[in-house]
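Reading the structure
Each chain is listed here by its residues.
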Amino acid sequence: MRIDTIETFVAGHWLFVAVTTDTGVTGVGESTYFTHPLAARAVLDDLEADLIGADAFRPEFHFNRLFKHHCLRDSALMGALSAIDQALWDIKGKALGVPVYELLGGRVRDKVRAILLIEATSEDEMIRKAVEARAEGFTAIKIKPFLGDWATRTTVGLLGGVVASVGRVREAIGWDMDMAVEIHRNLTPDLAEVFAADVRPLRPYFLEDPILPFSLESNGHAAARMGGVVALAERNTNIWEFREFSDRHAVSILRPDVGLAGGFTQVRKIAAIAESRHQRIVPHNFTSPVVTACHIQLAACTTNWDVQGYVREAREPWNRVVKQINRLEEGFLAIPDTPGIGVELDVDYLRQATYEPFGNKFAHGAARAMDGAVRHQ
């Protein structure tokens, strides 16, 4: 079974790939280099000549030969390779008539617990949506309480205000629902330590990304100072980076993204590294249903997979890019028994979709401090 064609689609800031074999089987994947999808698309175009005619049943081989061809540390390349890898595993599952998780050891759970990202621009909206999530059956949520003018506040006003907001969410949802707190790289190691101590009585499920991701030593230092449950490494792109994060035992949770960290081929290895140190996997997941579907396949067969990051899919454009969204039932994602990854691209929609820069969606962007400078984390 040989790779015959590779087609790419950009819809908004999402990049998809459809790989079709000479037998007519098509596999799909997604790159989550969401800030610059056109760059990852250019890499896919560049890799096409190395893939057309190749054996579609060798995802591990293809990942290694293309990744090691030049050995550049490159998110655009990793996004492209991750998408291809997903598609090749999808092809193998479809050709053999089984879900991908059957090829990776079989199911270790019956369903996948979702943790809902609460998308809010104000405290009132955050609280309202948290309460709604509880009523719908979610047992876990993740909040982003650094809202509005957080970057222009004094340190005491920022830390006190954010902790108070987290406290009001906890009061609204009660004490039997898990609540993770996304710091979103907005602090320094010393302030993260203070924040962690202040918020600890509210029993956060985990504290995520306290500081900028670029220094392994600084992130390990921050996690050690914070104590409690710290989740890191969603921006990491390979098993070597994840292994070095995993070496820091203060890190409780690793957050690989199947669309950036090497697809199925690499993320299953990252999970094994974490399992050897009693660490959990909570994947970075806020893009399209395709990556969510891939993560569900991994969650089905991975012992130390914890909660599955989730954003609502029953809305546009999530429900436009695929023919059927992932099935959610009272806060849990169903594990499909269909061959491959379990979702199909809506190619008719994608062929007329257009690129839209990521911009400041989801509260991303370089915040300005009270003196007008870019906030220094």
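Here, the structure is the one placed above.
In this report, the structure presented in the accompanying data block is examined. In this text the structure is predicted, and so the values were computed from the model without any measurement.

So, the overall build of the protein chain
Summing up its helical and strand segments, the protein chain has 13 helices and 13 strands in all. What you see for the protein chain is a C-alpha radius of gyration of 20 Å, in line with the 21 Å of a compact globule of 377 residues. Judged by the C-alpha coordinates and their principal axes, the protein chain covers about 65 × 45 × 45 Å. Counting every position in the protein chain, which comprises 377 residues, the buried fraction comes to 55%. Of the contacts formed within the protein chain by residues at least 6 apart in sequence, a portion of 73% connects residues at least 24 apart.

Digging into the pairing of strand S2 (residues 14–21)
A large share of S2 lies buried, amounting to 8 of its 8 residues. Burial along S2 is two-sided: the residues Trp14, Phe16, Ala18 and Thr20 and Leu15, Val17, Val19 and Thr21 are all buried. Alignment of strand S1 (residues 3–11) against S2, held across 8 bridges, turns out to be antiparallel. Across the sheet, the residue bridging to alanine 11 is tryptophan 14, located in S2. What sits between S1 and S2 in their antiparallel hairpin is a turn of 2 residues, with glycine 12 showing a positive phi close to 65°. Taken together, the 6 bridges between S2 and strand S3 (residues 26–31) define a ladder with antiparallel strand orientation. Note that in S3 the partner of threonine 20 across the bridge is threonine 26. Where S2 folds back on S3, the antiparallel hairpin that results is connected by 4 residues, among which glycine 24 adopts a positive phi of roughly 90°.

Quick notes on the pattern of salt bridges
This structure, assessed with the given rule, holds 29 salt bridges. The partner of arginine 255 in a salt bridge is glutamate 208, and the shortest N-O contact between them spans 3.0 Å. Pair noted here: arginine 255 is in the loop between strand S9 (253–254) and helix H10 (263–275) and glutamate 208 is in strand S7 (residues 207–208), with a separation of 47 residues, a long-range link. Where arginine 255 meets glutamate 234, a salt bridge forms, and the shortest distance between an N and an O atom there is 3.2 Å. On the criterion of sequence distance, the pair formed by arginine 255 in the loop between S9 and H10 and glutamate 234 in the loop between strand S8 (230–232) and helix H9 (239–247) is long-range, its members being 21 residues apart. Residue class for glutamate 234 comes out buried when judged on its relative accessible area of 4%. Counted as one network, the salt bridges with shared partners bring together Lys142, Glu182, Arg185, Glu208, Asp209, Glu234, Arg235 and Arg255.

Rules of the game
- Residues numbered from 1 in each chain as written.
- Predicted model: local features only at pLDDT ≥ 70, side-chain atom pairs only at ≥ 80, totals over all residues.
- Heavy atoms only, no water.
- Helix = DSSP H or I, 4+ residues; strand = E, 2+ residues; numbered from the N terminus.
- Rg over C-alpha atoms; globule rule 2.2 N^0.38 Å.
- Buried < 20%, exposed > 50% of the residue type's maximum accessible area, 1.4 Å probe, protein only.
- Contact = heavy atoms within 4.5 Å.
- Pairing = 2+ DSSP bridges.
- Salt bridge = Lys/Arg side-chain N within 4 Å of Asp/Glu carboxyl O.

What is shown is where atoms sit, not what they do.
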